[in-house]
Amino acid sequence: MPKPFYITTPIYYVNAKPHIGHAYTTVAADVFARFKKIQGAGVFFSTGTDEHGLKIEKAAEKAGENPKEFVEKIALQFQDLWKKLNIDYTKFIRTTDTKHKEAVQKVLQTLYDSGAIYKGFYEGLYCVGCEQFKMDDELVGGKCPDHNLVPELVKEDAYLLKMTELQKDLVEKIESDVLHIAPVKYKTEILSFLKSEMLKDISISRKNVKWGIALPFDETHTTYVWVDAFLNYLTVLGWTGDKDSIPKEWPADVQFIGKDILRVHATIWPIILMHLGILLPKMIFTHGHILAGGKKMSKTLGNTISIDEMLAKFGTDGTRYLLLSAGTFGEDVDLTMERMTEKYNADLANGLGNLVSRVMKLAEQMKNNKFGMENRGLPEDIVELLNEYKFSEALEYIWKKVSEANKYIDNEKPWELVKNDQEKFEAVMKKLLEDLAVIAELLMPFLPETSDKIKEALQKGKVEPLFQRIKNS
Ligand code: MSP
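Residues numbered from 1 in each chain as written. Predicted model: local features only at pLDDT ≥ 70, side-chain atom pairs only at ≥ 80, totals over all residues. Heavy atoms only, no water.

A. Highlighting the pattern of salt bridges. Scanning the entire structure with this criterion turns up 31 salt bridges. Taking the shortest distance from any N to any O, the salt bridge between Lys207 and Asp157 comes out at 3.8 Å. Here the residue Lys207 occupies a position in the loop between strand S9 (205–206) and strand S10 (214–215), and Asp157 occupies one in strand S6 (residues 152–161), the gap between them amounting to 50 residues. Note on Asp157: relative accessible area 34%, which makes it partly exposed. Residues Lys282 and Asp253 are paired through a salt bridge, measuring 3.1 Å at the closest nitrogen-oxygen approach. With a gap of 29 residues between them, Lys282 in the loop between helix H10 (268–276) and strand S13 (283–287) and Asp253 in the loop between helix H8 (232–235) and strand S12 (254–258) connect regions that are remote in the sequence. (Salt bridge = Lys/Arg side-chain N within 4 Å of Asp/Glu carboxyl O. Helix = DSSP H or I, 4+ residues; strand = E, 2+ residues; numbered from the N terminus. Buried < 20%, exposed > 50% of the residue type's maximum accessible area, 1.4 Å probe, protein only.)

B. Summary view of the packing of aromatic side chains. Evaluated as defined, the whole model comprises 30 aromatic pairs. Where Tyr6 meets Trp250, the ring centres are 6.1 Å apart and the plane angle is 65°; that geometry is what we call edge-to-face. Of this pair, Tyr6 sits in strand S1 (residues 5–13) while Trp250 sits in the loop between H8 and S12, placing them 244 residues apart in sequence. Relative to Tyr159, the ring of Tyr112 lies with its centre 6.0 Å away and its plane at 75°, an arrangement referred to as edge-to-face. On the criterion of sequence distance, the pair formed by Tyr112 in helix H4 (residues 98–113) and Tyr159 in strand S6 is long-range, its members being 47 residues apart. Overall, the relative accessible area of 31% leaves Tyr112 in the partly exposed class. Classification of Tyr159 as buried rests on a relative accessible area of 4%. (Phe/Tyr/Trp six-rings, centres within 6.5 Å; stacked < 30°, edge-to-face > 60°.)

C. Quick peek at the side chain of Arg34. Inspection of the secondary structure assignment puts Arg34 in helix H1 (residues 20–38). If we skip the residues at most four places from it in the chain, Arg34 touches Asn86, Asp88, Arg320, Met444, Pro445 and Pro448. (Contact = heavy atoms within 4.5 Å.)

D. Structural detail: the sheet that holds S1. Here 6 strands make up an open sheet; going across it, the order is S3-S2-S1-S12-S13-S7 and the pairing parallel. Each edge of the open sheet carries a strand with a single partner, namely strand S3 (91–94) and strand S7 (180–182). Going across the sheet, the axis of each strand differs from the next one's by a mean of 20°, ignoring polarity. One ladder, built from 4 bridges, connects S12 with S13; its direction is parallel. Within S13, the position partnered with Gln255 by the bridge is Ile284. (Pairing = 2+ DSSP bridges. Axes fitted to C-alpha atoms, helices over the stretch in contact; angles between N-to-C directions.)

E. The pairing of strand S2 (residues 43–50), seen in detail. Of all 8 residues in S2, 8 are buried; the element is thus mostly enclosed. The pairing of S1 with S2 spans 7 bridges and is classified as parallel. Each bridged residue has a counterpart across the sheet, and for Phe5 the counterpart in S2 is Val43. Considered for its hand, the β-α-β crossover made up of S1, H1 and S2 is right-handed. (Right-handed = clockwise from strand over helix to strand, strands pointing away.)

F. Just the sheet that holds S10, in detail. If you trace the 3 strands from one edge of the open sheet to the other, you get S9-S11-S10, paired in antiparallel fashion. The two strands at the open ends of the sheet, each matched to only one other strand, are S9 and S10. Inspection of the sheet shows S9 paired to strand S11 (residues 218–223) by 2 bridges, in the antiparallel sense. Along S11, the bridge assignment pairs Ser205 with Thr223.

G. Molecular detail of helix H2 (residues 54–62). Looking only at H2, the buried set comprises Leu54, Lys55, Ile56, Glu57, Ala59 and Ala60. Contacts made by the buried residues of H2 are with S1, S2, helix H3 (67–84), strand S4 (117–127) and S6. A positive backbone phi angle near 70° is found at Gly64, which sits one or two residues after H2.

H. Just the site of the ligand, in detail. Surveying the vicinity of the ligand reveals 24 residues, the closest of which are Ile11, Asp50, Gly258, Asp260 and Ile290. Asp50 is positioned such that a nitrogen or oxygen atom in its side chain is 2.7 Å from a nitrogen atom of the ligand. Within the backbone of Ile290, an N or O atom sits 2.8 Å from a nitrogen atom of the ligand. Contact with the protein chains hides 91% of the accessible area of the ligand, taken as 670 Å² for the molecule alone. At the level of secondary structure, the elements contributing two or more residues to the shell around the ligand comprise S1, H1, helix H7 (225–230) and S12. In terms of residue class, the shell around the ligand is built from 13 nonpolar, 9 polar and 2 charged. (Near = heavy atom within 4 Å. Polar contact = N/O pair within 3.5 Å; in protein donor to acceptor, adjacent residues only side chain to side chain. Areas by Shrake-Rupley, 256 points an atom, 1.4 Å probe, with all protein chains shown as cover. Nonpolar A, V, L, I, M, F, W, Y, C, P; charged D, E, K, R; others polar.)

I. Representation of H10 within the structure. Extensive coverage of H10 is indicated by the burial of 9 of its 9 residues. Listed as buried for H10 are Ile268, Trp269, Pro270, Ile271, Ile272, Leu273, Met274, His275 and Leu276. Of the residues one or two after H10, Gly277 is the one with positive phi, at around 75°.

J. Inspection of the packing of helix H11 (residues 307–324) against helix H17 (residues 448–460) at higher detail. Close contact between H11 and H17 brings their axes to 8 Å; oriented N to C, the two are set at 115°. Along the contact surface, H11 presents Thr316, Asp317 and Arg320, while H17 presents Pro448, Glu449 and Thr450. Among the residues forming the contact of H11 with H17, the class breakdown is 1 nonpolar, 2 polar and 3 charged.

K. Molecular detail of the state of the cysteines. Applying the stated criterion across every chain, the model contains 0 disulfides. Cysteine Cys127 is unpaired, with the sulfur of Cys130 as its nearest cysteine sulfur at 3.8 Å. Summary of cysteine pairing: Cys130 is not part of a disulfide, and the nearest cysteine sulfur, belonging to Cys144, is at 3.7 Å. (Disulfide = S-S within 2.5 Å.)

Encoded structure:
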């Protein structure tokens, strides 16, 4: 059996409820997974939650709950959101799962036994928001720019992972695309970082964090949360931590991440694998951030866009559409509720919704308006765009077809033809039904429910309105 195509999302922190950024990565990964399935590939698509570490320990404490109950509740909120967004993942992993924890301990023991992990002392500036020690070049005015926090100085006995000795090898792997970092600007960014800085051996244990996986060789320390988290990409496949028995899905074909977590993914993660002698993921695809009204979203600024509100207003497919049509995947994209409402009305209610209802209404006057839905497959143009992760461009391609079909109706005026040229009327309508069938096929990875509704309409010869216009409030 050929190796399944393996797609991952990051696993998300459960310190707070899921937000639009999490939805963005996950919807994109879902569209890609659906696309690969349509192409006939076996697909394994993983997602999950990152449940240990100081940030979560603190959030639970603040909520006055024990961490176990706290993470349980939030992990469920993630699963619930993925259901609402129609995310068709293969497996959802939680890092508090016993099997994951046991595998992590086994890996740490292997790394310790081989000398890749050694005991030492670590001193550095720790940003709890990032769960990372920060280098000077990552701070702005002494603060972590992502979290607007002054990192805390940590000095403690720690176990360190050897990084420096594998740096040269890592650079070669990235340069030659053995580990392909895309889009190319992120590859350039990582290579210039790796060529200008020497990677320090990193601390992989925390002495004063209780909420984590105990080191098997020293139970007074817990595992650094990023090491615990990275291994999810293998444990989700059922891996037990034995480096000589790697699941058949590995290596990952594409790992989707946001730009804020690129550096760790392009350094610590491959270096762990290199120490273990395990193949690297084939590709890390990095996307930009969602901005709100041109600014970084923040609770302080009060400009966050709520994913729950989007779902309530635009529905599942509306939300999926608005997220992925916001701009080129890889670049930062800017959203406002107001503009999304306009886009919803223009593209979904007026554009697609109107096309489908006009065609189906007119088709009632055909001699035979039942339409055979043979499997058409995806046209080459869109396959190319999707293989390059160009989601917004693929949507533009589809919406060009929608507006061409709407124009065709305006030009041909089938409501007049039906009165004076029955033959031409039938021909025009056949073309329009064919257009709808193609559009339904193209929409499958992006708007699966809508695609099914259009296909059903074509078979039954009638349709309910797909998208209702909404008022901009
Ligand atoms: N737990 C780590 C990942 C471990 S993976 C081994 C983590 N979690 S996170 O909950 O903070 O968020 C992860 C993802 O959400 C990242 O891909 C990040 O880029 C994405 N987003 C968070 N805010 C975002 C935006 N405003 N816009 C788009 N995506 C952003 O990091």
